[in-house]
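Structural description and commentary
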Amino acid sequence: DARVTQTPRDKVTEMGQEVTMRCQPILGHNTVFWYRQTMKQGLELLAYFRNRAPLDDSGMPKDRFSAEMPDATLATLKIQPSEPRDSAVYFCASAGSGNQPQHFGDGTRLSIL
Amino acid sequence: GNSVTQMEGPVTLSEEAFLTINCTYTATGYPSLFWYVQYPGEGLQLLLKATKADDKGSNKGFEATYRKETTSFHLEKGSVQVSDSAVYFCALSNSGYSTLTFGKGTMLLVSP
């Protein structure tokens with residue numbers, strides 16, 4: 001089965017460090033989503049892209065977060081500088097065109113000390 | 001704006017018990033409704049969906065009916081198994097499958 005692949009699976013780092021999370025969407029999917037999951041807030045949509053163009057990043061703190069799609073097979077989410085409150089599980093999901101369901105990766109578990 | 005409200009968990013059941021997880025929503029227009037399941041250490045998986053009023057989504061013994069009059073999409077299963085232990089998320093979308101709005105999730109724990 002085709003899967004969304006996220007790396008790294010786990011990341012522990014100190015506050016102030018740059019963090020880069022990567023996502024390989026399912027081949028042929030043209031829409032990519034980034035979510036953050038915490039116990040307090042649940043699942044929050046951070047940003048999403050269609051055909052590599054950012055459509056909405058209103059859920060993302062602009063001062064420290066950035067999301068890009070350098071090519072159709074890679075999406076990145078960067079945090080610089082990181083803060084302890086960024087600790088969460090970050091999920092990437094992708095979907096094909098024509099109202100196809102979202103497929104989620106297994107997430108990156110981020111801990112900022 | 002859109003919102004989804006789910007019953008708080010955990011829901012604790014014995015194997016073969018009947019399951020109901022309540023979900024109500026607020027949305028403009030006619031949203032599509034979904035249930036996703038998240039097993040420990042994994043991402044979310046689509047469990048079932050319904051795209052219009054009175055539709056019933058079903059999969060793996062789970063069912064949910066889109067009730068427009070009560071703005072609800074309750075998840076049910078007649079006989080749960082230990083392997084159903086997971087977190088269940090209700091979600092809606094106003095534009096097909098894009099931009100899902102999720103509830104906070106309900107943890108289900110099934111004991112032998």
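Higher on the page you've got the structure.
Keep in mind it's a predicted model, so treat the numbers as computed, not measured.

**Quick word on the overall build of chain B**
- Along the backbone of chain B there are zero helices and twelve strands.
- The N-to-C order of helical and strand elements in chain B reads β-β-β-β-β-β-β-β-β-β-β-β.
- Taken against the 2.2 N^0.38 rule, which gives 13 Å for 112 residues, the C-alpha radius of gyration of chain B at 13 Å falls within 12% of a compact globule.
- If you line up chain B on its principal axes, its C-alpha atoms span 45 × 25 × 20 Å.
- Scored against the burial criterion, the 112 residues of chain B give a buried share of 46%.
- For chain B, the proportion of contacts with a sequence separation of at least 24, taken over those separated by at least 6, is 56%.

**As for the environment of F34 of chain B**
- Looking at the secondary structure, you find F34 of chain B in strand 5 (residues 32-38).
- Separated by 59 residues in the primary sequence, F34 of chain B and S93 of chain B have C-alpha atoms spaced 8.3 Å apart.

**A few points about the sheet that holds strand 8 (residues 74-79) of chain A**
All names here are of chain A.
- If you walk across this open sheet you meet the four strands as 1-3-8-7, and the pairing is antiparallel. Sheet topology places strand 1 (5-7) and strand 7 (65-71) at the edges, where each strand pairs with a single neighbour. For this sheet, the mean angle separating the axes of adjacent strands, direction not counted, is 20°.
- With three bridges joining them, strand 1 and strand 3 (residues 19-24) adopt antiparallel strand pairing. The residue bridging Q6 from the neighbouring strand is C23, located in strand 3.

**What to know about the packing of aromatic side chains**
- All told, the structure shown has twelve aromatic pairs over all chains when counted by the stated rule.
- Ring plane angle 25° and centroid distance 6.2 Å describe the contact between F33 of chain A and Y35 of chain A, whose orientation is recorded as stacked.
- Take F33 of chain A: its relative accessible area is 0%, and that puts it in the buried class.
- Members of the aromatic cluster, connected to one another through ring pairs, are F33, Y35, Y48, F91 and F104 of chain A together with F34, Y36, F89 and F102 of chain B.

**Focus on the environment of P112 of chain B**
- You can see P112 of chain B is positioned in the segment after strand 12 (106-111).
- On a C-alpha basis, the gap between P112 of chain B and S14 of chain B in space is 6.1 Å, while along the polypeptide they are 98 residues apart.

**So, the environment of N30 of chain A**
Residues and elements named next belong to chain A.
- Within the secondary structure, N30 sits in the loop between strand 3 and strand 4 (31-38).
- Considered as a pair, N30 and H103 are 73 residues apart in the sequence and their alpha carbons are 12 Å apart.
- Separated by 3.2 Å, the side chains of N30 and T31 make a polar contact.

**As for the state of the cysteines**
- Counted under the stated rule, the structure contains two disulfides over all chains.
- Residue pairing for C23 of chain A: its cysteine sulfur links by disulfide to C92 of chain A, the two sulfurs lying 1.9 Å apart. An S-S torsion of about -60° defines the bridge between C23 of chain A and C92 of chain A as left-handed. On the criterion of sequence distance, the pair formed by C23 of chain A in strand 3 and C92 of chain A in strand 9 (residues 88-95) is long-range, its members being 69 residues apart. Residues C23 of chain A and C92 of chain A agree in their burial class; the two are buried.
- Note on cysteine connectivity: C23 of chain B is disulfide-linked to C90 of chain B, with sulfurs 1.9 Å apart. Between C23 of chain B and C90 of chain B the sulfur-sulfur dihedral comes to about -70°; the bridge is accordingly left-handed. Of this pair, C23 of chain B sits in strand 4 (residues 23-26) while C90 of chain B sits in strand 10 (residues 86-93); the two residues are 67 residues apart in sequence, bridging distant segments of the chain. Each member of the pair, C23 of chain B together with C90 of chain B, is buried.

Cut-offs and rules
Residues numbered from 1 in each chain as written. Chains lettered and ligands numbered in written order. Predicted model: local features only at pLDDT ≥ 70, side-chain atom pairs only at ≥ 80, totals over all residues. Heavy atoms only, no water. Helix = DSSP H or I, 4+ residues; strand = E, 2+ residues; numbered from the N terminus. Rg over C-alpha atoms; globule rule 2.2 N^0.38 Å. Buried < 20%, exposed > 50% of the residue type's maximum accessible area, 1.4 Å probe, protein only. Contact = heavy atoms within 4.5 Å. Pairing = 2+ DSSP bridges. Axes fitted to C-alpha atoms, helices over the stretch in contact; angles between N-to-C directions. Phe/Tyr/Trp six-rings, centres within 6.5 Å; stacked < 30°, edge-to-face > 60°. Polar contact = N/O pair within 3.5 Å; in protein donor to acceptor, adjacent residues only side chain to side chain. Disulfide = S-S within 2.5 Å.

Such coordinate-based values are descriptive only and should not be taken to indicate function.
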